[in-house]
Amino acid sequence: MEVPQTRPLDVESRAARREFAQCQNCRKNKDQHKIRLSVCTGCKISTYCSVECQKAHWRIHKPICLRNRQTSKEIMERYDSEASIVQRDEDAPLATPTEILSDLRAFTAKFTPAIFQAAFNALELARLGKTWQQCVVWVLLERVPGPSADTKPWQRWHVLNVLPAPTEFVSAKMGGDRYEFPKKKRDLEREQLEKGNTGAITVIVSGGYQKINLLLHNVTCIGFGPHSQGALKIEENWDNTFKETVERMCGRDPAARSQQAGPSQRS
């Protein structure tokens, strides 16, 4: 996906979210082109406006799709199995790791414009320009305790912190093959650069599953160009702005959350 090109980005608007909802091949978005997008049945992430666009994009999307498909199926089945054993002693059924991953994806989709603005600030791209090549932006979330049945999936999270981090550090923290995540990052970036973007921010949105001491991750990549800086709010207090935006859009009081969380832990 890429940032809208023409006007200041209102990160809380429905129009902004629809502009980021794009066909991965032709880059038409839902806001301007009034199109219907379908999700790739393999990776459950990439979106396309037609079968023709999906086929045309397969050469680029194939390595990402196959990797996501294999790891998601094998790993999530194991996590769900481990969680089911723990949940036998619970009075009320808990969300499974697969359901929590789905909620992370919903959060990412809902707040993509705000995530992009925070990530652009976190990497100081307005000043440094190239930090996206060596670093990622890590968005750490905390599950809202006891969400009601009618709560939207993206409302089930608070933002704990947003951190720029070296790719190698993140790869070590995520576990598994230490070469796997850097390769995935390069594939995602190449996909964005081939669309004509000048850079691409890789963002990891992570949330915990406390019962089995598990941290789940949703990885997305957002392309940007020379126009991006002018469309965004560049500020020093970007992390608090992002946290307050999420709380407000979730229908909660940002001031109440700030009092609970204490002082900002910017790194």
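Residues numbered from 1 in each chain as written. Predicted model: local features only at pLDDT ≥ 70, side-chain atom pairs only at ≥ 80, totals over all residues. Heavy atoms only, no water.

Caption draft 1: Spotlight on helix α6 (residues 167-174). Along α6, the positions that sit buried rather than exposed are Thr167, Val170 and Ser171. All buried residues of α6 project into a common sector of 100° when viewed along the axis, lining one side. α6 presents Glu168, Ala172 and Lys173 as exposed residues on the side facing more than 90 degrees away from its buried surface. Contacts from the buried residues of α6 go to β3 (135-143), β4 (157-166), α7 (180-193) and β5 (199-209). (Buried < 20%, exposed > 50% of the residue type's maximum accessible area, 1.4 Å probe, protein only. Helix = DSSP H or I, 4+ residues; strand = E, 2+ residues; numbered from the N terminus. Arc of directions from axis to C-beta. Contact = heavy atoms within 4.5 Å.)

Caption draft 2: Representation of the packing of helix α4 (residues 97-110) against helix α5 (residues 112-122) within the structure. Two elements in contact, α4 and α5, have axes separated by 5 Å at closest approach and are oriented at 75°. Comparing the axis directions of α4 and α5 gives the class roughly perpendicular. Counting all contacts with α4, which are made through Phe107, Thr108, Ala109 and Lys110, the residues of α5 involved are Thr112, Pro113 and Ile115. Looking at the contact of α4 with α5 residue by residue, the class counts come to 4 nonpolar, 2 polar and 1 charged. (Axes fitted to C-alpha atoms, helices over the stretch in contact; angles between N-to-C directions. Parallel < 35°, antiparallel > 145°, perpendicular 65-115°, else oblique. Nonpolar A, V, L, I, M, F, W, Y, C, P; charged D, E, K, R; others polar.)

Caption draft 3: Quick peek at unusual backbone geometry. The phi angle at Arg27 is positive, at roughly 70°, despite the residue not being glycine. We note that Lys34 has phi near 55°; this positive angle belongs to a residue other than glycine.

Caption draft 4: Structural context of the nonpolar core. Within the largest apolar cluster, 44 residues are counted, with the highest numbers of intra-cluster contacts made by Phe107, Ile201 and Phe242. With residues near it in sequence (within four places) discarded, Phe107 still touches Ile115, Leu141, Trp154, Trp157, Val159, Val205 and Val246. With 11 residues, the next largest nonpolar core counts Ile64, Ala165, Val170 and Cys221 among its residues. (Core = buried A, V, L, I, M, F, W, Y, C linked by side-chain atoms within 4.5 Å.)

Caption draft 5: Spotlight on the environment of Glu194. Summarising the element assignment, Glu194 is placed in the loop between α7 and β5. Since its relative accessible area comes to 41%, Glu194 is described here as partly exposed. The sequence separation of Glu194 and Ile60 amounts to 134 residues, and the corresponding C-alpha distance is 8.8 Å. Setting aside anything within four residues of it in sequence, one finds Glu194 in contact with Arg59 and Ile60.

Caption draft 6: Quick look at the sheet that holds β4. On the basis of which strands lie adjacent, the open sheet formed by 4 strands has the order β4-β3-β5-β6 and mixed pairing. In the strand order of this sheet, the two ends are held by β4 and β6 (214-224), each with one partner. The sheet shows a mean angle of 20° between the axes of neighbouring strands, direction not considered. As paired elements, β3 and β5 share 5 bridges and run parallel to each other. Across the sheet, residue Val137 finds its bridge partner in β5, namely Val203. Each of β3, β4, β5 and β6 touches α5; the most contacted strand, β5, lies at about 110° to it. Packed onto the sheet, α7 meets β3, β5 and β6 and runs at close to 30° relative to β6. (Pairing = 2+ DSSP bridges.)

Caption draft 7: Structural view of the confidence of the model for the protein. For the protein, mean pLDDT is 85; residues scoring 70 or higher make up 86% of the total. Note on residues 263-267: pLDDT under 50 across the span, and 9 contacts to partners over four residues away in sequence or across chains. (pLDDT = per-residue confidence, 0-100.)

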